[in-house]
Amino acid sequence: MLTAAVFALQAALEPATPIDPPAPTSQVEILPLRTDPVVLDQLAGGPAKGAWGVSVQAGYPWFSLRALVGVGHRLAPLLEVESALGRRFSFSAGLSLAWVDRPHVRLSGEVLLGWMLQEAELSKRGPSGELRLRLAFPVRWAVPYLVLGTRHALLPSRTQIIREAGTETQWSVRHEWTPWGSVGLGIRISQRIGLDVAADYGWVDAPASVAIPGVHLAFHFGGGR
Amino acid sequence: MKVFTWVCDGFNRHRSGFRTISTALWLTWVCGTGLSLSLSGCDTAKGIDYDGRRILVVDMHLHPGEWDAIPEDTRKFIGSRFPFPLSLNPKTTAEGILSAEGILSELDKARVSQAVLFAVYAPRTVGIATNERVIADTATAPDRLFGLASLRIDNFRTEKDAELQRLRTALANPSMIGIKLAHAHQHFRMDDPTYFGIYQVSSDLKKPVYLHTGSSPFPGTSSEAPYTDPTYLEPAVKAYPGAIFILGHLGYDFTDQQSGSLEACIRLAKTYSNVYLEPSALGSKGSDPTGENLKTAMQKIRDAGLVDRVIYGSDGPQSPGFVKDYLSRTVTAMKASGYTADEAQSVFSGNFARVFRVAPAK
Ligand SMILES: [Zn+2]
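Criteria and cut-off values
Residues numbered from 1 in each chain as written. Chains lettered and ligands numbered in written order. Predicted model: local features only at pLDDT ≥ 70, side-chain atom pairs only at ≥ 80, totals over all residues. Heavy atoms only, no water. Helix = DSSP H or I, 4+ residues; strand = E, 2+ residues; numbered from the N terminus. Buried < 20%, exposed > 50% of the residue type's maximum accessible area, 1.4 Å probe, protein only. Contact = heavy atoms within 4.5 Å. Areas by Shrake-Rupley, 256 points an atom, 1.4 Å probe, with all protein chains shown as cover. Axes fitted to C-alpha atoms, helices over the stretch in contact; angles between N-to-C directions. Parallel < 35°, antiparallel > 145°, perpendicular 65-115°, else oblique. Left-handed = near helix turned anticlockwise from the far one by under 90°. Nonpolar A, V, L, I, M, F, W, Y, C, P; charged D, E, K, R; others polar. Salt bridge = Lys/Arg side-chain N within 4 Å of Asp/Glu carboxyl O. Pairing = 2+ DSSP bridges. Donors = N, O, S within 2.8 Å, 3.2 Å for Na, K, Ca; no water. Core = buried A, V, L, I, M, F, W, Y, C linked by side-chain atoms within 4.5 Å. Phe/Tyr/Trp six-rings, centres within 6.5 Å; stacked < 30°, edge-to-face > 60°. Lys NZ or Arg CZ within 6 Å of the ring centre and 35° of its normal.

**Some details on the overall build of chain B**
Working step 1: Counting its secondary structure elements, chain B contains 14 helices and twelve strands.
Working step 2: For chain B, with 362 residues in total, the buried portion stands at 64%.
Working step 3: A separation of at least 24 residues holds for 79% of the contacts in chain B among residues at least 6 apart in sequence.
Working step 4: Total accessible area on chain B stands at roughly 12700 Å², and carbon and sulfur atoms take up 51% of it.

**So, the packing of helix H6 (residues 156-171) of chain B against helix H8 (residues 197-205) of chain B**
Residues and elements named next belong to chain B.
Working step 1: Between H6 and H8, the shortest axis-to-axis distance is 10 Å and the interhelical angle comes to 20°. In terms of orientation, H6 and H8 fall into the roughly parallel class. For the pair H6 and H8, the crossing hand works out as right-handed. Residues Phe156, Leu164, Leu167, Arg168 and Leu171 of H6 lie in contact with H8, whose contacting residues are Gly197, Ile198, Val201, Asp204 and Leu205.
Working step 2: Along the lines of polarity and charge, the residues of the contact of H6 with H8 split into seven nonpolar, one polar and two charged.

**Focus: the pattern of salt bridges**
Working step 1: Within the structure shown, the criterion is met by 33 salt bridges over all chains.
Working step 2: Arg106 of chain A serves as the salt-bridge partner of Asp41 of chain A, at 2.7 Å between the closest nitrogen and oxygen. Of the two residues, Asp41 of chain A is situated in helix H2 (residues 38-44) and Arg106 of chain A in strand E5 (residues 105-118); the sequence distance between them amounts to 65 residues. Across the pair, Arg106 of chain A and Asp41 of chain A agree in class, each one buried.
Working step 3: Of the charged contacts, one joins Lys300 of chain B and Glu263 of chain B as a salt bridge, the two residues approaching to 2.9 Å between their closest N and O atoms. Of this pair, Lys300 of chain B sits in helix H12 (residues 292-303) while Glu263 of chain B sits in helix H11 (residues 262-271), placing them 37 residues apart in sequence.
Working step 4: Given the relative accessible area of 46%, Glu263 of chain B is considered partly exposed.

**As for the pairing of strand E3 (residues 75-84) of chain A**
Residues and elements named next belong to chain A.
Working step 1: Note: strand E2 (residues 62-69) against E3, seven bridges, orientation antiparallel. What sits directly across from Phe63, in E3, is Ser83.
Working step 2: Linking E2 to E3, which pair antiparallel, is a turn of five residues; within it Gly72 sits at a positive phi near 110°.
Working step 3: Across ten bridges, the pairing between E3 and strand E4 (residues 88-102) is antiparallel. By the bridge assignment for E4, Glu80 is matched with Ser92.

**Here we look at H11 of chain B**
An α-helical segment advances 3.6 residues per turn. Residues three or four places apart therefore align on the same side.
Working step 1: Looking only at H11 of chain B, the buried set comprises Leu262, Ala264, Cys265, Ile266, Leu268 and Ala269 of chain B.
Working step 2: Where H11 of chain B is buried, its residues contact helix H10 (234-239), strand E11 (245-248), strand E12 (275-278) and H12 of chain B.

**Some points on the coordination of the zinc ion**
All names here are of chain B.
Working step 1: Taken together, the protein donors to the zinc ion comprise His61 (NE2), His63 (NE2) and Asp315 (OD), at separations of 2.0 to 2.2 Å.
Working step 2: Counting the intervening residues between successive donors of the zinc ion yields the motif H-x1-H-x251-D. In this pair, His61 is assigned in strand E4 (residues 58-62) and Asp315 in the loop between H12 and helix H13 (322-336), connecting sequence segments 254 residues apart. Exposure class is identical for His61 and Asp315. Each is buried.

**Structural notes on the pairing of E4 of chain B**
Residue and element names in this part refer to chain B.
Working step 1: Along E4, five of the five residues are buried, which leaves the element largely enclosed by surrounding structure.
Working step 2: Across three bridges, the pairing between E4 and strand E5 (residues 114-118) is parallel. Along E5, the bridge assignment pairs Val58 with Gln114.

**A short note on the nonpolar core**
Grouped burial of nonpolar side chains is what soluble globular proteins tend to show.
All names here are of chain B.
Working step 1: Ile198, Tyr199 and Phe348 are the most contacted members of the largest nonpolar core, which totals 77 residues.
Working step 2: Discounting chain neighbours no more than four positions away, the residues touching Ile198 are Leu151, Ile153, Phe156, Leu164, Leu167, Ile179 and Leu181.
Working step 3: By size, the runner-up hydrophobic cluster in this structure holds 18 residues, among which are Val116, Val120, Tyr210 and Phe356.

**Comments concerning the packing of aromatic side chains**
All names here are of chain B.
Working step 1: Here the structure, examined in full by the defined rule, presents 17 aromatic pairs over all chains.
Working step 2: Taken together, a centroid distance of 5.6 Å and an interplanar angle of 25° make the contact between Phe322 and Tyr326 stacked. Remark: Tyr326 and Phe322 occur in helix H13; sequence separation between them is four residues, near one turn of the helix. The exposure classification of Phe322 matches that of Tyr326, with both residues buried.
Working step 3: One cation-aromatic arrangement involves Arg309 over Tyr276; the distance from NZ or CZ to the ring centre is 5.7 Å.
Working step 4: The aromatic ring of Tyr50 is capped on one face by Lys335, whose charged end is 5.1 Å from the ring centroid.

**Considerations on the sheet that holds E12 of chain B**
All names here are of chain B.
Working step 1: As summarised here, the arrangement of the seven strands in space is E4-E5-E8-E9-E10-E11-E12, forming an open sheet in which the pairing is parallel. Strand pairing shows two members of the sheet lacking a second neighbour, E4 and E12, which therefore form its edges. Here the strands of the sheet are splayed against their neighbours by 30° on average, with no regard to which way each runs.
Working step 2: Two strands pair when backbone bridges link them, and E11 and E12 are joined in this way by four bridges, in the parallel orientation. Counted as the bridge partner of Leu247 is Leu277 from E12.
Working step 3: On the sheet, helix H4 (residues 100-110) packs against E4, E5 and strand E8 (145-149) and is oriented at approximately 120° with respect to E8.

Take a look at the structure:
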């Protein structure tokens, strides 16, 4: 099912093959510059100018949607929506920048700002931010990668004390820290399509809490390459 | 003065209401957390390996409950202590472990052969788990599950005789092998003779009394010494030599994660032959992250020659895997403080069988 969807999308994204070969001309042929497969850009960050990509990730407990577009100098604005089991959400915008971009190594950093909300027995809402490092070692069709992140959310809470003399409202803010790590393997299906599978560990509300590791499968597609 | 809390964390609209935490789960969630996920459970052989010897384990301190019967504050408290992402669906997680089936499954994972479920009547603080519910739960596995009955004391001024009679009725069920009290959560002083009739029932029926000792971080609990320090229990211990008093949590100070009234517990047990000790909850990951406090407590008990007065309990089920994890932490603490296999056998099952007169599970 997934495979069929992948190929359908691939067909849609790849330029149609011309029915008639173009007539030979005397013009000099311009060779395209090297472009990176979308799976590498999505997993390692910092796509080239004009290259864009979207990642759709599903797993336990994390689901996410991530979009990047390169604007030059290996800098890319990005948008991310993430959910854990449909009970916790974050909406973030940020920037990705690759510092190291060699044929077999790419290292990038990301900064994101957004809003986090959790609708569970203990609901949480507040501004959030994250710093991330992405490191990948592309070899042929494989893109082994590592993500390390530190997420922060500020969670305000209000306590109202009702005395006979009147009502007093107290505000306090709590900091929730979520260190993050993912290790996975990206697979290039074509320049514009890829997959990845990874293990994730998001230690939500560390260090006081305990978290169970997760896994995900993601589908990446894009263009401009 | 009333304090209303609009949920910790977030602009949400839930009014947590009076600072009443509740239910049967309570205490423990209080008593901190020890959260781990257990993935074992296929091997059904019961018992632990202790220095090469298989020792049966009885966990004398578990709380059954129903999620919907738990007040909102407590549900939040509990939910926040489940491992992420189980904390996102706490009802599903809780119902999986608080039912009789859930508790049996947690016992199997920990290879614990028998356990005691607590009834709780603390409507102003931690809520209610009725004697009837506990009796029904024990009936699902009569050779493995036993119960401690409890009673309301908030209406004692007018309903004392009726409450004591209800307690006797519950204790008439053979699965109900003792009485559970928590002065800090039920708001009565340990030295208040108004309630000494409860110890008379214990003495008459030869069914031990388990008491919460030490502080509790739950909102609404009484934290003053007459409610938490077992020194205040001494007049009752002296007056009712036929009643057995089991001092739960070794007087641990859960608020500051310190030994609290441990010395008082040890002194009482040394002085009175009807005083026993139960080391639940204090050694959990949440209440004693390094395990040092539990180790020190077990060491002091052994040094005081009180190994035959210790009855093991965890204060679970708390969260999936807690029963197993707490057992493992206790074994570690005991090995580190030099308990022999014979001594471990006394702590984990021998003393329980003797005091409660319950035959080990087959
Ligand atoms: Zn308890």
